[in-house]
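Chain by chain, the residues:
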Amino acid sequence: MEPVTVYGGKGTIELGVNGIIHLKWKPGIVLDGDDVHAAMATLNKIADGSEYPMLVDMGTTKAVTRQAKSAFQIPCAASRIALLGSSPVDRVIANFTIARQTLPCPTRFFTSRDEALTWLLLSPLP
């Protein structure tokens, strides 16, 4: 499927042929609660009642607001989430979010796309 722009224009979501939903945020953005809610609504629409593993490319995200971090606690159509980043700042943002929240599905941070995809596709759910 072609990428669908998330309401507000800060990212895109697409369902890949491998059965993984890919959420890609635009470079340099600050994510707020409305952005996360819009992404979840787009994901849920694409998933159409099913659940999919999701790869979130956050490698160029500038910051994540407290409201956005809280929104990550809301269940959506993701069965598990791999956060893909590329810098120590990405790791800090992701680990802070993961450690401080009760997330609705297994979530891990990766700097390797291949490792993230392997975890999403091959690891059994807890």
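Up top is the structure.
Residues numbered from 1 in each chain as written. Predicted model: local features only at pLDDT ≥ 70, side-chain atom pairs only at ≥ 80, totals over all residues. Heavy atoms only, no water.

S.K.: Describe the packing of aromatic side chains, and please don't skip the residues or the numbers.
M.R.: Counted according to the given criterion, the structure contains one aromatic pair. With a centroid separation of 5.7 Å and 45 degrees between ring planes, the pair formed by Phe-110 and Trp-119 is classed as tilted. Assessed through its relative accessible area of 5%, Phe-110 is described here as buried. Stacked on the ring of Trp-119, the Lys or Arg Arg-80 has its end atom at 4.4 Å from the ring centre. (Phe/Tyr/Trp six-rings, centres within 6.5 Å; stacked < 30°, edge-to-face > 60°. Buried < 20%, exposed > 50% of the residue type's maximum accessible area, 1.4 Å probe, protein only. Lys NZ or Arg CZ within 6 Å of the ring centre and 35° of its normal.)

S.K.: Describe the sheet that holds strand β1 (residues 4–5), naming the residues involved and giving the relevant values.
M.R.: Read across the open sheet, the six strands follow the order β1-β2-β3-β5-β7-β8; overall the sheet is mixed. Of all the strands in the sheet, just β1 and β8 (107–110) have a single pairing partner and so form its edges. Note: strand β7 (residues 78–84) against β8, four bridges, orientation parallel. Paired with Leu-84 across the two strands is Phe-110, which belongs to β8. (Pairing = 2+ DSSP bridges. Helix = DSSP H or I, 4+ residues; strand = E, 2+ residues; numbered from the N terminus.)

S.K.: Residues and numbers for the side chain of Thr-107, please.
M.R.: Examined against the element boundaries, Thr-107 turns out to sit in strand β8. For Thr-107, a relative accessible area of 15% puts it in the buried group. Here Cys-105 takes part through its backbone oxygen, which lies 3.0 Å from a polar atom of the side chain of Thr-107. (Polar contact = N/O pair within 3.5 Å; in protein donor to acceptor, adjacent residues only side chain to side chain.)

S.K.: Residue-level account of unusual backbone geometry, with values.
M.R.: Positive phi, normally seen in glycine, also occurs at Asp-48, with a value near 50 degrees. As for its position among the elements, Asp-48 is in the loop between α1 (33–47) and β5 (52–57).

S.K.: Tell me what's going on with the pattern of salt bridges, and back it up with residues and numbers.
M.R.: Opposite charge on two side chains makes pairing possible when the charged atoms of those side chains draw close. Scanning all chains against the criterion turns up one salt bridge. In this structure, Lys-10 and Asp-35 form a salt bridge, with 2.8 Å as the shortest nitrogen-oxygen distance. With Lys-10 in the loop between β1 and β2 (11–15) and Asp-35 in helix α1, this residue pair connects regions lying 25 residues apart in the sequence. (Salt bridge = Lys/Arg side-chain N within 4 Å of Asp/Glu carboxyl O.)

S.K.: Outline the environment of Met-40, supporting the account with residue identities and numerical values.
M.R.: On the secondary structure map, Met-40 appears in helix α1. On the accessibility criterion, Met-40 (12% relative accessible area) is buried. Through-space distance from the C-alpha of Met-40 to that of Leu-23 is 9.9 Å; in sequence the pair is 17 residues apart. Not counting chain neighbours up to four residues away, the residues in contact with Met-40 comprise Ala-71, Phe-72, Ile-74 and Cys-76. (Contact = heavy atoms within 4.5 Å.)

Bear in mind that shape data such as this cannot, by itself, settle questions of function.
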